[in-house]
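Coordinates in review
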Amino acid sequence: MGTLIAGGTVVTATDTYRGDVLIEDETISTIGSNIDRSKHDLVDASDAYVFPGGIDPHTHLDMPFGGTITADDFESGTRAAAMGGTTTIVDFALHTRGDSLKKALSTWHEKAAGKACIDYAFHLTIADGREETMNEIPKMIGEEGVNSFKVFMAYKHVLQVDDETIFKTLQACAAHGGLVQVHAENGDVIEVITKQARAAGKTEPKWHALTRPVECEGEATHRAIRLAEIAGAPLYVVHVSSAMAADAISDGRKRGLHIYGETCPQYLVCEFADYERPNFEGAKYVLSPPIRDKWNQDVLLRKLMNMELHSFGSDHCSFNLCGQKELGKDDFSKIPNGAPTIEDRLSILYEVGVNRRILGLNNFVALGCTNPAKLFGLFPRKGTIAVGSDADLVVWDPAESRTISHKTHHMNVDNSVFEGMTIKGRPRYVFSRGRKVADREKFTGEPGAGKFQKSERFFPVAL
Ligand code: URP
Ligand code: ZN
Ligand code: ZN
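As the structure is a computational prediction, the values presented were derived from the model and not from experiment.

Focus on the pairing of strand E14 (residues 259-263)
Moving residue by residue along a regular strand, the side chains alternate between the two faces of the sheet. With five of five residues buried, E14 is to be regarded as a mostly interior element. Both faces of E14 are covered, namely the face carrying Ile259, Gly261 and Thr263 and the face carrying Tyr260 and Glu262. Relative to E14, strand E13 (residues 235-237) runs parallel, the two sharing three bridges. Residue pairing in the sheet places Tyr236 in a bridge with Tyr260 of E14. Of the crossover connections in this fold, the one passing from E13 over helix H8 (residues 243-254) to the parallel E14 is right-handed. As paired elements, E14 and strand E15 (residues 311-312) share two bridges and run parallel to each other.

Shown next, in the form of structure tokens:
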């Protein structure tokens, strides 16, 4: 006896059809029409869509950053992800300069084990270009199941690395089947402008954005793509916030390069004016790259639509206003960077993309589920609805609405950058490897049930 999701509109990145999906044990065993209803637990999906579980390729849980630790750990973060329809996250294990990658990875395994409510994989960050570090990359890919490595061109004196390190990482990944991810902002220029702003007595949150001009993102994106081109390496540009950076990606792809771009929900609905909210509320929007002028939103959305941007990550990095963002009450540069977005990632994409008729349903699934699974070596186990794939499924009710609020969300944090937004459409049931983890407003999963998923070696994919 299995669980039969019956009569729903099944949506993958390529197809939309009416069908029954049978879950047996942890996987999808049969897809058909009119599978015998008497033999299984029945989930009537006749008025609903059936999507693959979302894959969030960009999360920061239990991460020390900005002089504090993110408000969500693997338990609260993955519970919130599940409530929003995400069934796998890929979190960043932070490498420390002078330490081994192995140590960073073990630390993150310890953070996740016994806590994660849904499945998870890891990226590693690269903090130095030492020979020892570069020599570990093949082992991380071949044995440890990590296929992607993030380098930071910003956060000077903290995470930023130089072009030499970036280039060596690109070469190592090109040689061994890794994908380099880049945080593309010119950290040296940002450091100079930030010091000048502070010296001039500028303290409010909006100065976070004003000291990180869009040209810093445009220049760094362009530079990273050229470095990848020289190294003959693929490149994934994380959290693209602006038309200028997205255009650099489009240009690289026109030259035939394997460049992929990710954007995030906050860049589709927040705008520069949010920094000017009274009573320090602007601090909620202090994240990097910063929120841009409103007109960028539509450019990013249309680039998602025509696959000039390929992946939709939350960049979930949650900090409370009270006690954490407050660290920068008198100095914008001390506000920890990041926002809570893991729970609402798919909802925002659905609302601004599907409900506004800019993205089709297949587009929505490709961006939120399938493409991240392909890029990060989890496909076809994850990210699609197919016989033999893990039974990670979302029964999505297109008729029911919900309003986002920090008072009702499941993230362990006192604010939301989407506060008050109403979304038409929401997860009704979420299944993670066949177990129901969300039943409307009720979390039905269990901490520790999520398992580490090894990523396969990266192979260029046409997206
Ligand atoms: O502000 C952000 N994005 N915080 C998380 C760290 C990063 O750069 O992804
Ligand atoms: Zn970043
Ligand atoms: Zn991030």
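A few points about the sheet that holds E14
Strand order in the open sheet formed by eight strands is E6-E9-E10-E11-E12-E13-E14-E15, with parallel pairing between adjacent strands. A strand with exactly one partner marks an edge of an open sheet, and here the two such strands are strand E6 (54-59) and E15.

A word on the coordination of the zinc ion (ligand 3)
For the zinc ion (ligand 3), the protein coordination sphere consists of His58 (NE2), His60 (NE2) and Asp315 (OD), at 1.9 to 2.1 Å. Every donor counted, the four donor atoms about the zinc ion (ligand 3) form angles of 89 to 133° at the centre, which fits tetrahedral coordination. Of note, the zinc ion (ligand 3) draws all its donor residues from one chain, in the sequence arrangement H-x1-H-x254-D. The metal-metal distance between the zinc ion (ligand 3) and the zinc ion (ligand 2) is 4.1 Å. Its relative accessible area of 0% is what places His58 among the buried residues.

Some remarks on the environment of Arg18
Looking at the element boundaries, Arg18 is found in strand E2 (residues 16-24). Placed 28 residues apart in sequence, Arg18 and Ser46 show a C-alpha to C-alpha distance of 8.6 Å. Sequence-distant contacts of Arg18, defined by excluding residues within four places in its chain, comprise Gly7, Gly8, Thr9 and Ser46. Side-chain polar atoms of Arg18 contact the backbone oxygen of Ser46, separated by 3.1 Å.

Focus on the side chain of His208
Looking at where His208 falls in the secondary structure, it is placed in helix H6 (residues 206-210). Its relative accessible area of 4% is what places His208 among the buried residues. Each residue touching His208, except ones within four places of it in the same chain, is listed here: Tyr275, Val286, Leu287, Ser288, Pro290, Phe332 and Asn337.

So, the coordination of the zinc ion (ligand 2)
Within the protein, the zinc ion (ligand 2) binds to Lys150 (NZ), His183 (ND1) and His239 (NE2); these donor distances fall in the range 2.1 to 2.3 Å. Each donor residue of the zinc ion (ligand 2) belongs to the same chain, and together they define the spacing K-x32-H-x55-H. With relative accessibility at 1%, the residue Lys150 sits in the buried group.

Some remarks on the pattern of salt bridges
Side chains bearing opposite charge may pair, as long as their charged atoms lie close to each other. Counting across every chain of the model gives 38 salt bridges. Across the pair Glu229 and Arg255 runs a salt bridge whose closest N-O atoms are separated by 2.9 Å. Separated by 26 residues along the polypeptide, Glu229 in helix H7 (residues 214-231) and Arg255 in the loop between H8 and E14 bring together distant segments of the chain. Relative accessible area serves as the criterion here: at 27%, Glu229 is assigned to the partly exposed category. In this structure, Arg277 and Glu281 form a salt bridge, with 3.5 Å as the shortest nitrogen-oxygen distance. Shared partners join several salt bridges into a network, and the residues in it are Glu26, Asp119, Lys382, Asp390, Asp392 and Arg433.

So, the packing of aromatic side chains
This structure, assessed with the given rule, holds 17 aromatic pairs. Ring plane angle 55° and centroid distance 5.7 Å describe the contact between Phe51 and Trp396, whose orientation is recorded as tilted. Residue Phe51 is located in strand E5 (residues 49-52), and its partner Trp396 is located in strand E16 (residues 393-403); the two are separated by 345 residues in the primary sequence. By the burial criterion, Phe51 is buried, and Trp396 matches it. Residues Tyr120 and Phe122 carry aromatic rings whose centres are separated by 5.5 Å and whose planes lie at 55° to one another, so their mutual orientation is tilted. Given a relative accessible area of 1%, Phe122 falls into the buried group. Three or more aromatic residues link up through ring pairs in this structure, and these residues are Tyr49, Phe51, Tyr350, Phe364 and Trp396. One cation-aromatic arrangement involves Lys111 over Trp108; the distance from NZ or CZ to the ring centre is 4.6 Å.

Quick look at the packing of H7 against H8
It is the contact of H7 with H8, at a shortest axis distance of 8 Å, that shows an interaxial angle of 20°. If you check the angle between H7 and H8, you find them roughly parallel. In this structure, H7 meets H8 at a crossing whose hand is right-handed. Here Val214, Glu215, Glu217, Gly218, Thr221, His222 and Ile225 of H7 come into contact with H8, specifically with Met244, Ala245, Ala248, Ile249 and Gly252. Looking at the contact of H7 with H8 residue by residue, the class counts come to six nonpolar, four polar and two charged.

Description of the layout of surface pockets
In this structure, the largest pocket encloses a volume near 540 Å³. When residues in the lining of the largest pocket are grouped by element, the largest group, six residues, is from helix H5 (residues 187-199). Taken as a whole, the second largest pocket encloses approximately 270 Å³ of empty space. Lining the second largest pocket we find 18 residues, and of these Leu94, His95, Thr96, Arg97 and Leu159 sit closest to its centre.

Notes on helix H10 (residues 295-305)
Within H10, the full set of buried residues consists of Asn296, Gln297, Leu300, Leu301, Lys303 and Leu304. The buried side chains of H10 occupy one side of the element, clustering within an arc of 160° when seen end-on. Looking at the buried residues of H10, the elements they touch are H8, E14, helix H9 (265-269), E15, helix H11 (345-355) and helix H12 (361-375). Where H10 terminates, the next one or two residues include Met307, which has phi positive at roughly 60°.

The rules behind these values
Residues numbered from 1 in each chain as written. Chains lettered and ligands numbered in written order. Predicted model: local features only at pLDDT ≥ 70, side-chain atom pairs only at ≥ 80, totals over all residues. Heavy atoms only, no water. Buried < 20%, exposed > 50% of the residue type's maximum accessible area, 1.4 Å probe, protein only. Helix = DSSP H or I, 4+ residues; strand = E, 2+ residues; numbered from the N terminus. Pairing = 2+ DSSP bridges. Right-handed = clockwise from strand over helix to strand, strands pointing away. Donors = N, O, S within 2.8 Å, 3.2 Å for Na, K, Ca; no water. Tetrahedral: all angles 85-135°; square planar, octahedral: opposite > 155°, others 65-115°. Contact = heavy atoms within 4.5 Å. Polar contact = N/O pair within 3.5 Å; in protein donor to acceptor, adjacent residues only side chain to side chain. Salt bridge = Lys/Arg side-chain N within 4 Å of Asp/Glu carboxyl O. Phe/Tyr/Trp six-rings, centres within 6.5 Å; stacked < 30°, edge-to-face > 60°. Lys NZ or Arg CZ within 6 Å of the ring centre and 35° of its normal. Axes fitted to C-alpha atoms, helices over the stretch in contact; angles between N-to-C directions. Parallel < 35°, antiparallel > 145°, perpendicular 65-115°, else oblique. Left-handed = near helix turned anticlockwise from the far one by under 90°. Nonpolar A, V, L, I, M, F, W, Y, C, P; charged D, E, K, R; others polar. 1 Å grid on protein atoms, 1.4 Å probe; cavity = no way out; pocket = protein on both sides within 12 Å on 5 of 7 lines; lining within 4 Å. Points joined across faces, edges and corners; volume = space filled by probe spheres on them. Arc of directions from axis to C-beta.

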